[in-house]
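# Close look at the chain arrangement
Spelled out from the first residue to the last, the chains are:
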Amino acid sequence: MLNYFITALFWLATFILLVGLWRRAQLWRNGQAAEWKLTQLFTIPKRYFVDLHHVVAREPYIARTHVATAGGAVAAIALVAINYGLMLYSTMLNWAIVIATCIMFIGAFFVWLRRTSLITNQPPSRLSKGNWSRLPYSLLAFSLGLLLLTLPITTLSNSIAVIAALLLLAGSAELALGIGMGGPMKHAIAGLLHLAFHPRQERFNDQLSTALKPLNLQEKEFGINKPSDFNWNQLLGFDACVQCGKCEAACPAFAAGQPLNPKKLIQDLVVGLSSGTDASFAGSPYAGIPVGTHAGSPNQAIVPALIEAQTLWACTTCRACVQECPMLIEHVDAIVGMRRNLTLTQGSAPNKAPQLLENLRQTANQNGEDNLARYYWAIDLDVKTISPITPVDVLLVAGEGAFDMRYQRTLRALVKLLKAAKVDFAVMGALENDTGDTARRLGDEATFQMLAKRNIANFNTLKFKRILTADPHVLHCLKNEYPAFGGHYEVLHHSTFLAQLVANGALKLSKSTETRKLTYHDPCYLARYNNETKSPRALLKSIGLRVNEMERSGLRGRCCGGGGGAPLTDIAGKQRIPDIRIADARSIGAEVVAVACPQCTAMLEGVIERPEVLDIAELLAASLVVASSAVTGLVIESTVVAA
Amino acid sequence: MTTRINPHRQAQVSADDLKREPATIKRIVLSKAQIAVEAHPAKWLRTLSKPKARLLVIAHSDRGAVDDHALQAIAAAAILADAETAVVALILGELNDNLINESLKQAGADEVLVLPSLDFQVFQPDIELSAILSMIESLKPSRIFMPDNLIGDGSLGRRLIANKQLTAATHVIEIDANHVASAQTGGSLLAISELPEVILLSPNTVESELPFTGKATRIEAPKIIIENSQNTVTYQDLGMQGSKAENIALEDADFIVSAGNGVQNLDTLANLANALSASIGASRVVTDGGRLPRSKQVGATGKTVTASTYMAIGISGAVQHLQGIKDCRHVIAINKDASAPIIKRADLSIIGDAEEVMQALIAEITKAKVGAP
Amino acid sequence: MTDSLKRIAVLVSAGKHPVSGQPRHCRNDSLALQMGLNLANDILVLHAGESENPALQDYLALGAPQINVIPTTDNIVNNLATQLTNTDLILSGTRAENGDDSGLLPYLLATKLNLALVADVVEIKAYENKIEILQFLPKGRRRRVTVCLPALVVVHPSAAVTLNFIHARQNLGSISTLSASNFDAKHSQSDLKQWHTCPARKPIKLAASRTLTGHERLMAAISSKAKGGAVVNEGNNVEKAQVILDYLREHQLIDF
Ligand SMILES: Cc1cc2nc3c(=O)[nH]c(=O)nc-3n(C[C@H](O)[C@H](O)[C@H](O)COP(=O)(O)OP(=O)(O)OC[C@H]3O[C@@H](n4cnc5c(N)ncnc54)[C@H](O)[C@@H]3O)c2cc1C
Ligand code: SF4
Ligand code: SF4
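Residues numbered from 1 in each chain as written. Chains lettered and ligands numbered in written order. Predicted model: local features only at pLDDT ≥ 70, side-chain atom pairs only at ≥ 80, totals over all residues. Heavy atoms only, no water.

Quick look at the overall build of chain C now. On a plain count of helices and strands, chain C comes out with seven helices and 13 strands. Partitioning the contacts of chain C with sequence separation of at least 6, the portion at a separation of at least 24 is 69%. For chain C, the accessible area works out to roughly 11100 Å², and carbon and sulfur atoms hold 50% of it. (Helix = DSSP H or I, 4+ residues; strand = E, 2+ residues; numbered from the N terminus. Contact = heavy atoms within 4.5 Å. Areas by Shrake-Rupley, 256 points an atom, 1.4 Å probe, with all protein chains shown as cover.)

In structure tokens, the structure reads:
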């Protein structure tokens with residue numbers, strides 16, 4: 001009797017699951033076509049156990065419970081499929097099922113434990129409540145029910161059998177019905193499929209994949225207006241979200257009390273793809289925007305019905321969320337995709353952003369300056385300017401920071417170091433246009449492409465071996481995003497290049513006289529976007545400076561708030577992102593924050609009470625072993641003559 | 001920036017000054033009144049017995065006074081007039097006699113005509129045009145000068161030019177006996193021509209401080225019969241609105257008193273703003289702290305302001321803040337730190353405690369206002 | 001949006017960035033354009049010049065549905081007038097930023113077409129046969145005026161409209177050149193005086209020539225020309241306050 005019950009239940013559940021899955025797939029299919037092959041399904045095991053686990057393992061507790069719960073469940077269900085689905089009813093297999101369900105039960109128990117106040121005072125606030133609070137109970141019910149029913153004991157009292165059957169029924173409903181209806185367990189299927197059909201396949205080949213994908217503007221591609229404008233595999237990706245809130249915990253905008261929570265954003269997109277309201281969202285809201293006031297459907301414009309524009313404009317594109325997400329969801333692509341539509345079809349970027357975009361269009365720099373002025377800081381340094389007839393080894397591209405008196409100090413220090421190492425280099429001079437990085441993050445793909453094409457055309461007239469920059473945004477743009485427009489260059493950040501010079505002995509440095517406690521702040525566009533965390537540290541070490549690491553550092557460093565045009569869109573929050581970052585530094589007692597980016601320098605120096613902020617190049621230049629008197633002038637504040 | 005020591009200090013020694021070592025006296029004296037008084041005796045009166053020609057200057061008064069810009073237009077005419085040419089100032093709107101007449105003299109006007117009914121506050125372009133047309137008819141000036149301003153003269157001048165098809169130069173930023181020049185193409189070119197019939201002058205193109213004075217004889221304006229009907233049919237003036245400083249948008253304000261982190265007491269600042277009829281601005285630290293609304297923030301991520309006077313009180317002058325005031329003509333800083341970046345930008349810097357200087361300034365203003373007529 | 005206005009025309013000129021020299025829209029004219037668009041969907045946008053000028057692309061992005069180009073910049077008033085005879089409301093910016101930016105064109109045009117004209121407009125409301133405008137005056141003052149149509153409105157740079165540069169609109173709008181044979185390409189008489197241009201330089205202030213005494217020169221040196229950068233770091237607070245007042249008075253920034 002019981003055996004037949006389980007068999008019937010199994011097939012019923014399988015049927016319901018398949019129907020539910022099919023219906024869910026229809027929702028994904030509302031998205032745009034994207035390349036895929038069925039054979040990609042075979043990649044799942046490796047991607048699951050290597051790539052995904054790599055992220056999950058950062059939190060051992062949840063990694064272990066997940067292995068137990070999911071592993072137990074998968075094993076149990078597979079065994080049920082064989083033993084009951086195929087009606088073998090073998091006692092041996094039942095024992096195996098018992099073991100699997102026991103493992104699952106224990107896993108589910110610890111999942112439950114984490115969500116109660118028993119072991120910690122409070123479950124982490126990043127976790128969602130609602131039906132996610134139900135999940136441990138469903139899982140416990142399923143495992144317990146299955147355990148009891150498959151226990152190879154002949155006598156099971158009727159009442160217990162009924163209870164067990166009910167438990168199993170409830171648990172199966174979560175697994176089978178829940179997936180199709182968008183319950184929490186849909187993450188299992190969507191997550192695995194997302195691994196297979198991930199929009200950035202390169203990620204699984206150990207390649208950096210941080211460049212935004214170009215829009216075909218001629219074909220009137222203007223970004224994401226409605227959920228169905230996403231590619232189908234992006235929609236699938238959103239469905240994979242487990243609402244673990246790791247992105248939320250990493251997000252600087254969320255921490256600053258700005259109206260952005262990447263977790264909610266992904267959930268809102270799930271609401272959009274499956275039609276509904278955000279009323280059932282049971283996690284942290286966007287600051288200042290009550291939950292339950294927004295709704296969406298696949299063919300309805302996302303902004304503002306589903307997501308407010310200010311939510312999108314608060315993002316610094318720091319990729320901390322992407323870095324943390326165990327389901328490998330690409331938040332930044334989604335956010336920039338939606339920004340693109342706002343900028344290209346409504347021209348509605350807030351605050352100072354439109355002015356900046358206009359300046360870029362009209363002057364190819366962000367503040368409407370004369371491009372000749374970009375290298376005024378180098379006038380007295382006797383630096384070559386590249387021209388088509390003067391080939392050089394290294395082309396120095398200064399970027400937007402060159403107009404900023406503060407960052408000119410860094411650039412002057414860098415020049416001093418290059419000269420000391422006898423590097424054959426030249427600056428780009430008036431040929432340099434803004435790279436378009438900020439324009440692109442602000443969604444202005446048209447202006448970005450215009451600038452990229454201009455720069456590439458200029459580069460093509462010049463002869464150089466590689467490009468050097470002290471600006472990680474320039475680095476990212478030129479190195480990772482220009483190739484899509486035919487610009488292939490070797491581009492190096494000054495920290496990387498200087499580390500090479502130190503390593504090969506070209507640059508001789510003495511021990512630093514700096515005695516204050518020092519920490520290093522990783523620029524997002526250097527660390528997460530370009531995977532460079534070692535060179536800056538190696539350089540500091542080479543001059544005898546010890547880096548006291550902040551709690552969040554390296555690939556998991558906290559953003560300064562300067563990326564993605566966020567300082568321009570300037571969405572109000574409770575505090576400023578750089579204040580949080582400086583608090584990080586102060587909490588470890590740092591008196592000097594070493595930086596490697598003009599943006600970070602400006603943001604961190606914008607904090608009133610703070611440690612001193614010094615670029616790596618400045619720290620190094622101060623330890624230069626002066627072999628010749630060829631280099632002068634670092635101490636001169638600035639030579640820029642007011643226009 | 002360097003500290004300027006007044007080389008003429010001896011002329012106004014006070015007992016206080018004598019006690020100090022000259023080199024340490026960093027007080028500068030910017031009193032124009034002083035200069036004027038001393039220069040006056042040297043001024044000669046320009047007199048004309050029988051003028052053969054006239055230069056006509058047309059300008060509106062603003063609340064009874066003739067502003068600097070209009071005086072510059074008069075001075076331009078006076079400088080360019082030869083010994084046989086009279087400078088006639090036609091003032092549209094009321095004139096508060098005594099003081100103003102003195103300033104017209106100083107600007108070199110020989111004769112002054114006033115049409116009190118043509119106040120700039122009333123929009124009556126057709127009436128104004130026909131009035132000045134008939135004045136021109138009777139005075140037959142060889143050239144007409146007007147300030148190119150926004151209180152009606154710029155517009156009236158253009159109506160005149162269009163109506164009579166006169167040769168003209170507008171937005172004139174350079175003038176001498178042989179040519180006029182105006183900026184073109186957003187300021188990247190200078191366009192030059194010989195003197196036309198009508199000249200609309202930009203502000204500050206002329207040094208209105210003259211070595212001579214005019215007589216500024218008030219002459220009775222001929223009764224002009226104005227065709228009233230046309231104007232009232234076409235235009236109906238519904239009145240002026242709002243000029244309270246605190247209601248003016250920052251971008252539009254002409255005088256801003258701005259608070260930085262160094263201002264402890266915003267009430268004092270508000271009192272000062274009130275005394276100066278100024279609008280209130282702030283640095284980001286102040287708006288971030290919620291002490292003033294975000295709409296008051298001046299700078300790269302706040303408002304870009306164009307006030308002629310910007311008083312930065314307790315503001316360090318970070319680049320992001322300075323970006324917002326790059327178009328301000330007069331920046332006055334009050335800061336306790338002489339090495340703050342704002343000092344480099346400011347035209348006048350007072351080193352001292354914000355609260356104390358503000359209090360003193362409020363007291364001085366109150367005194368000055370009681371003394372003023 | 002109102003139906004009371006039959007035809008609205010906006011005059012747009014080709015601008016140039018003052019620093020980079022790159023062609024662009026003229027912000028003032030764009031404000032006029034946006035004001036026009038706020039009043040009606042169907043507006044006539046007129047430009048005299050070259051249809052290839054990249055500046056016109058900006059106007060498309062800023063919302064011009066179609067731009068009609070008069071293919072000559074000679075005799076511009078007469079040529080524009082021929083296109084504007086049946087128009088209720090003409091909007092223009094205060095001042096072009098390319099070529100002759102005297103701000104005279106609207107006045108010449110209004111005179112030619114016998115239209116009412118209001119300048120420095122920051123807001124427009126349209127009614128039957130008339131408009132109500134808000135006019136800019138310095139020091140925060142504003143004036144409300146009604147003007148009978150047909151009229152020409154010159155928009156002030158601080159007009160209360162937001163410009164939205166929308167790339168997608170560049171593809172939607174169109175630029176069409178009107179047939180050259182309709183227009184007069186002779187030089188107009190307003191070019192009477194010969195203007196010539198040179199690169200910008202600091203203008204020279206007109207001052208009366210006089211022989212200065214040594215003392216006067218000294219005074220001049222410390223008063224007006226040597227302004228800027230004065231730092232006062234001694235004296236008591238009253239003296240400091242006095243210095244500020246003196247400064248404000250000297251530059252006529254206060255009137256007491
Ligand atoms: C991306 C970005 C955008 C920004 N945008 C803006 C912006 O738009 N606008 C803006 O203002 N800032 C902006 N900032 C912030 C800017 O960098 C500065 O932090 C800010 O302007 C400093 O404000 P403050 O001068 O009032 O404060 P502080 O830097 O703290 O300076 C206070 C000043 O007051 C003086 N002081 C202190 N006590 C007294 C006293 N009793 N009497 C007299 N003087 C006293 C001090 O000497 C000091 O000079 C931005 C920063 C960033 C990174
Ligand atoms: S990229 Fe950074 S700022 Fe944007 S949502 Fe992710 S974590 Fe937040
Ligand atoms: S998006 Fe990723 S990190 Fe954020 S809640 Fe979902 S699964 Fe977790």
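From this point, the narrative continues.
This part is about the pattern of salt bridges. Residues and elements named next belong to chain A. Under the defined criterion, the tally for this structure stands at 50 salt bridges over all chains. Lys 246 is paired through a salt bridge with Glu 59; the nearest N and O atoms lie 3.2 Å apart. On the criterion of sequence distance, the pair formed by Lys 246 in helix α9 (residues 246–250) and Glu 59 in the loop between α2 (44–56) and α3 (60–85) is long-range, its members being 187 residues apart. Three or more residues joined by partner-sharing salt bridges are found here, namely Arg 340, Asp 437, Arg 440, Arg 441, Glu 445 and Glu 481. (Salt bridge = Lys/Arg side-chain N within 4 Å of Asp/Glu carboxyl O.)

Another point: the pairing of strand β17 (residues 348–351) of chain B. Residue and element names in this part refer to chain B. Residues Leu 348 and Ile 350 point to one face of β17 and Ser 349 and Ile 351 to the other, with burial holding for every one of them. Alignment of strand β16 (residues 330–335) against β17, held across four bridges, turns out to be parallel. Across the sheet, residue Asn 335 finds its bridge partner in β17, namely Ile 351. (Buried < 20%, exposed > 50% of the residue type's maximum accessible area, 1.4 Å probe, protein only. Pairing = 2+ DSSP bridges.)

We now examine the sheet that holds strand β7 (residues 180–184) of chain B. Strand order across the open sheet formed by ten strands is β11(B)-β4(B)-β3(B)-β2(B)-β5(B)-β9(B)-β6(B)-β7(B)-β8(B)-β12(C), with mixed pairing between neighbours. Each edge of the open sheet is held by one strand with a lone partner, namely β11 (217–218) of chain B together with β12 (196–199) of chain C. Pairing of β7 of chain B with strand β8 (residues 189–193) of chain B, which is carried by five bridges, proceeds in the antiparallel orientation. Bridging from a neighbouring strand, Ala 181 of chain B pairs with Ile 192 of chain B of β8 of chain B. Against the sheet, helix α5 (residues 125–139) of chain B touches β2 (53–60), β3 (85–92), β4 (111–115) and β5 (143–147) of chain B, its axis set at about 165 degrees to β2 of chain B. (Axes fitted to C-alpha atoms, helices over the stretch in contact; angles between N-to-C directions.)

Moving on to the interface of chain C and chain B. One widely used convention gives an interface's size as the accessible area the parts lose upon coming together. At the interface, 90 residues of chain C touch 109 residues of chain B. Counting across the interface, chain C meets chain B through three salt bridges. Ionic pairing is found between Arg 201 of chain C and Glu 174 of chain B, a salt bridge with its closest N-O pair at 2.6 Å. On inspection of chain C and its partner chain B, the count reaches 27 residue pairs in polar contact (both at pLDDT 80 or more). Broken down by secondary-structure element, the contributors of at least two residues to the side of chain C that touches chain B are α4 (105–113), β7 (116–127), β8 (130–136), β9 (142–148), β12, α6 (214–222), β13 (230–232) and α7 (237–250) of chain C. (Polar contact = N/O pair within 3.5 Å; in protein donor to acceptor, adjacent residues only side chain to side chain.)

We now examine the site of ligand 2. All names here are of chain A. The environment of ligand 2 is formed by 13 residues, the closest being Cys 251, Cys 315, Cys 318, Arg 319 and Cys 321. For the shell around ligand 2, the secondary-structure elements that each account for two or more residues are α13 (320–324) and α14 (331–346). For the shell around ligand 2, the residue count by class is ten nonpolar, two polar and one charged. (Near = heavy atom within 4 Å. Nonpolar A, V, L, I, M, F, W, Y, C, P; charged D, E, K, R; others polar.)

Residue and element names in this part refer to chain A. Core analysis: the largest hydrophobic core is formed by 86 residues, its most contacted members being Phe 230, Phe 238, Ile 302, Ile 307 and Met 338. If sequence neighbours within four positions are ignored, Ile 302 has contacts with Ile 224, Asn 225, Lys 226, Pro 227, Phe 230, Leu 269, Ile 307 and Met 338. Ranked by size, the runner-up nonpolar core spans 68 residues in total, among them Ala 421, Ala 452, Leu 462 and Ala 470. (Core = buried A, V, L, I, M, F, W, Y, C linked by side-chain atoms within 4.5 Å.)

Further remarks concern the site of ligand 3. Residues in contact with ligand 3 amount to 14 residues; listed here are only the nearest, Cys 241, Cys 244, Gly 245, Cys 247 and Cys 325 of chain A. Residue assignment for the shell around ligand 3 shows that the elements contributing at least two residues are α9 and α11 (262–274) of chain A.

Our next topic: the interface of chain A and chain B. Chain A puts eleven residues into the contact, and the matching count from chain B is 14 residues. Between chain A and chain B the total buried area reaches about 950 Å² when both faces are included, carbon and sulfur atoms providing 37% of it. Interface area lost by chain A to chain B is led by Lys 352, Asp 570 and Arg 576 of chain A, which between them contribute 52%. In this assembly, chain A and chain B are joined by two salt bridges. A salt bridge links Arg 576 of chain A to Asp 288 of chain B; the shortest N-O distance between them is 2.5 Å. The interface formed by chain A and chain B contains four residue pairs in polar contact (both at pLDDT 80 or more). (Buried area = accessible area lost by both parts, 1.4 Å probe.)

Moving on, we come to the domain arrangement of chain B. Under the domain assignment used here, chain B contains domain 1 (44–228) and domain 2 (245–370). When each unit is reduced to the centre of its C-alpha atoms, the spacing between domain 1 of chain B and domain 2 of chain B is 35 Å. (Domains from an automatic or database assignment.)

What follows deals with helix α18 (residues 445–460) of chain A. Taking 1.5 Å of rise per residue, 16 residues should cover 22 Å, and α18 of chain A covers 22 Å from first to last C-alpha, within 8% of that figure. Among the residues of α18 of chain A, Glu 445, Ala 446, Thr 447, Phe 448, Gln 449, Leu 451, Ala 452, Asn 455, Ile 456, Asn 458 and Phe 459 of chain A are the ones counted as buried. (Expected span 1.5 Å × (residues − 1).)

Scored by pLDDT, chain B comes out at a mean of 83, with 83% of its residues at no less than 70. Contacts from residues 1–41 of chain B, a stretch scored under 50 in pLDDT, to residues over four places away or in other chains number 56 contacts. (pLDDT = per-residue confidence, 0-100.)

What follows concerns the side chain of His 493 of chain A. All names here are of chain A. With respect to the secondary-structure elements, His 493 resides in strand β6 (residues 491–493). Using a relative accessible area of 1% as the deciding quantity, one classes His 493 as buried. Of the polar contacts made by the side chain of His 493, one reaches the side chain of Ser 495; its length is 2.7 Å. When residues no more than four places from it in sequence are discounted, the contact partners of His 493 are Leu 468, Thr 469, Ala 470, Asp 471, Pro 472, Leu 475, Leu 526 and Ala 596.

Residues and elements named next belong to chain A. For helix α1 (residues 2–28), built from 27 residues, the straight-helix expectation of 39 Å at 1.5 Å per residue is met to within 8% by its first-to-last C-alpha distance of 38 Å. Where α1 is concerned, the buried positions are Ile 6, Thr 7, Leu 9, Phe 10, Ala 13, Gly 20, Arg 24 and Trp 28. Structurally, α1 contributes buried residues whose contacts are with α3, α5 (131–150), α6 (158–180), α7 (186–197), α8 (232–239) and α11.

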